[in-house]
Amino acid sequence: MKPYYREATFKDAIAVANNIREDDLQEVLGLGHSLAVIPFCVSMSDVAVAFCDSDGTVAGVAGVISERPGVGQIWMLCTPVLSRKPITFVRGAKKWLAELQGYKLLWNLADARNDFHHKLLKMLGFKAIRKAYPPPYYLPYMEIVKLCA
């Protein structure tokens, strides 16, 4: 079986929270959140998916939370499983993004220190447009955007 993605579940969110990549953990904590936010992100998303390895192991979860018509806050958190087949994962993520409907703009903040995420975001067509220092810790994050029109 090839790696794939499917609709994310609460169980997938817990699996990621229990085995999150260290850089992703720092990104979540740097915004003042706990890992308990992951299941809420899955449930709040209009679209939430789990990316799975060929053996069914969850490599990450991602979603889009609609903010207003045409604008969504995209998010993604991964486990170390992602590094087994990063190119296959990128292909799946590109396919998922291409299937998203109704968004003209996707955006979020990404920890400026998370080099892996920035490489992935660039491959997925996102652009870093400015540095931001969000509370409560005022660590460096990059605002990332993707026009979908």
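Structure's up top.
Described below are features of the structure shown in this document.

What counts as what
- Residues numbered from 1 in each chain as written.
- Predicted model: local features only at pLDDT ≥ 70, side-chain atom pairs only at ≥ 80, totals over all residues.
- Heavy atoms only, no water.
- Phe/Tyr/Trp six-rings, centres within 6.5 Å; stacked < 30°, edge-to-face > 60°.
- Helix = DSSP H or I, 4+ residues; strand = E, 2+ residues; numbered from the N terminus.
- Buried < 20%, exposed > 50% of the residue type's maximum accessible area, 1.4 Å probe, protein only.
- Salt bridge = Lys/Arg side-chain N within 4 Å of Asp/Glu carboxyl O.
- Patch = residues over 30% accessible without salt bridge, like charges linked within 9 Å, V, L, I, M, F, W, Y side chains within 5 Å.
- Areas by Shrake-Rupley, 256 points an atom, 1.4 Å probe, with all protein chains shown as cover.
- Lys, Arg positive; Asp, Glu negative; His and termini not counted.
- Charge placed at Lys NZ, Arg CZ, Asp CG, Glu CD.
- Pairing = 2+ DSSP bridges.

### What about the packing of aromatic side chains?
Scanning all chains against the criterion turns up three aromatic pairs. Both rings, one in Phe51 and one in Phe89, keep their centres 4.7 Å apart while their planes meet at 65°; by these two values the pair is edge-to-face. With Phe51 in strand β2 (residues 47–52) and Phe89 in helix α4 (residues 86–99), this pair connects stretches of sequence that are 38 residues apart. When sorted by exposure, Phe51 lands in the same class as Phe89, which is buried.

### Section: the environment of Phe116
Looking at the element boundaries, Phe116 is found in helix α5 (residues 115–123). Sequence separation of Phe116 and Asp23 is 93 residues, and the distance between their C-alpha atoms is 8.4 Å.

### Digging into the pattern of salt bridges
Scanning the entire structure with this criterion turns up seven salt bridges. One salt bridge in this structure joins Arg6 and Asp12, with 2.6 Å as the shortest N-O distance. In this structure Arg6 comes out as partly exposed when scored by relative accessible area, which is 29%. As a salt-bridge pair, Asp53 and Arg84 come within 2.6 Å of each other at their nearest N and O atoms.

### Observations concerning unusual backbone geometry
Only a minority of non-glycine residues have a phi that is not negative, and only a minority of peptide bonds are not trans. Residue Pro136 follows Pro135 across a cis peptide bond; omega there is 10°. Residue placement: Pro136 occurs in the loop between β6 (127–132) and β7 (141–147).

### So, a positive patch on the surface
Positive charge collects at one region of the surface, where Lys2, Arg91, Lys94 and Lys95 lie side by side. Relative to the elements of secondary structure, Lys95 occurs in helix α4.

### Description of the pairing of β7
The element β7 is largely enclosed, with a buried count of six among its seven residues. Examined bridge by bridge, β6 and β7 share five bridges and lie antiparallel to one another. Among the inter-strand pairings, Lys131 is bridged to a residue of β7, identified as Met142.

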